[in-house]
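# Coordinate analysis (summary)
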Amino acid sequence: MKKGPVLRRVSVRDLADKFEKGFADAEAVGKSDESKLRELVALERHVLLEKLNSALGSLQVRVTDRTKDDVDEAISMVADLSVKLKQSDGEFSQEKEHVKILADFLKQAIEDTKRLVDEEKNFARHEIEIAKAAVQRVEEAFQEQQRIPITSDNLGSEDLMKEVQDARRIKMLHQHSKVLEMELELQELRIQLAEMSTYSNQLLKELTMSKGLEENKCYLYELDGPEILGSYLCITPRTETAPHLSECSVQWYRICSKDKEKKIISGATKLVYAPEPFDVGQILLADIVVNSERLSVQTNGPIGPAPGLGSYIEELVRISETEFNVVVIQMNEEIYSVHSVHVFHVGKMRVKLSEGRFVKAKESYSTSMQLCGTRGGGNAAALSLFWQAKEGLSFVLAFESDRERNAAIMLARRFAFDWSIALLGPGDCTIWNG
C-alpha cells in the first residue's frame, strides 16, 4: 500500500519570504520584458511611419486629380494613427504608474507582515516564560502544601480562592494529572466546609431553642439543612406533639439583610425549598399556618455562597456558549414522560434547549423570559431550575449537579444583564427594582 505524501506545515514567516522573493523576481522579469517590448514597438512604429510618409509623398507627386482624394484620405488616416499611438503611450504610462503604486503597496504589506510575525513571536516567547514561571510557582506551592496537613484552621475563603486559581493556571497549561489532584483536594475542602457549616447551624439552633425555653416560648418546627447555596432547606417538626405538616400551609419569603423587608417568593409553597443564587446574602423565612395559627421559622443568618462557584462562572463567561446536560421534568407545567438527555445551551445572546439535532426551544434574552431555581420538589430541588423561554412555553430541567444548576442560572443572568435585562423568576421583578 502506497503512502500519501507527507504534508509539511509552513510558517507565516516562510510564506512571507517566499511571497517577497516571488514578487521581486516577477517584478524584475516584468520590467525587463516591458523595456524590450517598448523598444520594439517604438522601433517598428518609427519605421512604419517613415515608410508611410515616403510612400504617400511619392504618390502625391505621381497621382492624378482623380486619385488625389484617396491620397489625402490616406494622409489623414496616418495622422489619426499618430494621435492614437500617442494616446496609447500616455495610457501605458498611467498603467505603469499604477503598477508602481501597487508594487509599493505590496512591499509595505510584506513589511507589515514581517513586523506582525516578529511581534507575535516575541509575545509567544513572553507567554511561554510566564507559563514556565507559573508552573514552577504552582509546583513549589503544591509541594509546600503536601508538607502541611490540612486542618480546620486553614480552610478560609482565601485558601479556597488560591486553590481555585492554581487549578485554573494548571488547567490552562494542560497539566491534567495535577488538575485531577487539585480538584479532588478542592472537593474535600468543600465537604469539610459543608460539615463545618452544618455543625455551626446546629449550634445556632440549639442556642435559639435554649433561649426560647428560657422565655417560655414554644417552637414546634425548625429548618433542617445547610444554609448555603447548593443545598436545600426542609421544614421539620421539633416535637412529637407538633401538628402534622400535611395539615399545614406554607409560604416562603426572603428578608433582605439590609432593610429587613419581607418579600414573598412566588410559588414557594412546599415544605422543601432549595436556595438559588438570588437568595445569597438574604435570610429565608417560612410562614406555617396550622389550625388558623401562623408560625414562622427562618434561617439563622443570610444564605452563604457556594465555594468556588464564582471562579467557575468567571471561566465560563469567557466562552461564547456553555452546554449543560439536563433532563426535562416538566413542560408547560405537565409531567414530561420521556426522560432522555437534553442539552441546555447558555450563550451570550440566547438560551437554547435541544435533543440531538432537534431544537425544542431557542429564544434570545427578553423581558418575557424567566429563569430561577425550582420552588419545591423535594431533595431534587437543588438540582432543578424553572425556565420560561417565552409566554406559553416553560420547562423544569434537572441538572447533573447543584453546581451546574447554579452556574447555568448565574451565567444566563450575567449575559442577560449585558442586554439590560433582569432575568429572574416569577414575581421577582419587584425585588430587582427594590
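## Here's the deal with the overall build of the chain
Each helix and strand in the chain was counted, giving seven helices and 15 strands. Looking at the chain residue by residue over its 434 residues, the buried ones come to 32%. In the chain, the share of contacts with a sequence separation of at least 24, taken over all contacts with a separation of at least 6, comes to 56%. Put simply, the chain shows about 28100 Å² of open surface, and 55% of that area lies on carbon and sulfur atoms.

## Digging into the packing of aromatic side chains
Overall, the coordinates contain five aromatic pairs when judged by the stated rule. The interplanar angle of 70° and the centroid separation of 5.4 Å between the aromatic rings of phenylalanine 344 and tryptophan 387 together place this pair among those described as edge-to-face. With phenylalanine 344 in strand E10 (residues 341-347) and tryptophan 387 in strand E14 (residues 384-390), this pair connects stretches of sequence that are 43 residues apart. The class for tryptophan 387 is buried, based on a relative accessible area of 0%. Taken together, a centroid distance of 5.8 Å and an interplanar angle of 20° make the contact between tryptophan 387 and phenylalanine 395 stacked. As far as the burial class goes, tryptophan 387 and phenylalanine 395 line up, both buried.

## Notes on the environment of phenylalanine 358
By the secondary structure assignment, phenylalanine 358 is in strand E12 (residues 358-364). With 16 residues separating them in the primary sequence, phenylalanine 358 and histidine 342 have C-alpha atoms 9.8 Å apart.

## Quick word on the packing of helix H5 (residues 309-317) against helix H6 (residues 402-418)
Where H5 contacts H6, the axes come no closer than 10 Å and their chain directions differ by 55°. Regarding the angle of H5 to H6, the classification is oblique. In this structure, the crossing between H5 and H6 has a hand that is right-handed. Seen from H5, the contacting residues are Leu309, Tyr312, Ile313, Glu314, Leu316 and Val317; seen from H6, they are Arg403, Asn406, Ala407, Met410, Leu411, Arg414 and Phe415. Residues that form the contact of H5 with H6 fall into these classes: nine nonpolar, one polar and three charged.

Rules and cut-offs
- Residues numbered from 1 in each chain as written.
- Predicted model: local features only at pLDDT ≥ 70, side-chain atom pairs only at ≥ 80, totals over all residues.
- Heavy atoms only, no water.
- Helix = DSSP H or I, 4+ residues; strand = E, 2+ residues; numbered from the N terminus.
- Buried < 20%, exposed > 50% of the residue type's maximum accessible area, 1.4 Å probe, protein only.
- Contact = heavy atoms within 4.5 Å.
- Areas by Shrake-Rupley, 256 points an atom, 1.4 Å probe, with all protein chains shown as cover.
- Phe/Tyr/Trp six-rings, centres within 6.5 Å; stacked < 30°, edge-to-face > 60°.
- Axes fitted to C-alpha atoms, helices over the stretch in contact; angles between N-to-C directions.
- Parallel < 35°, antiparallel > 145°, perpendicular 65-115°, else oblique.
- Left-handed = near helix turned anticlockwise from the far one by under 90°.
- Nonpolar A, V, L, I, M, F, W, Y, C, P; charged D, E, K, R; others polar.

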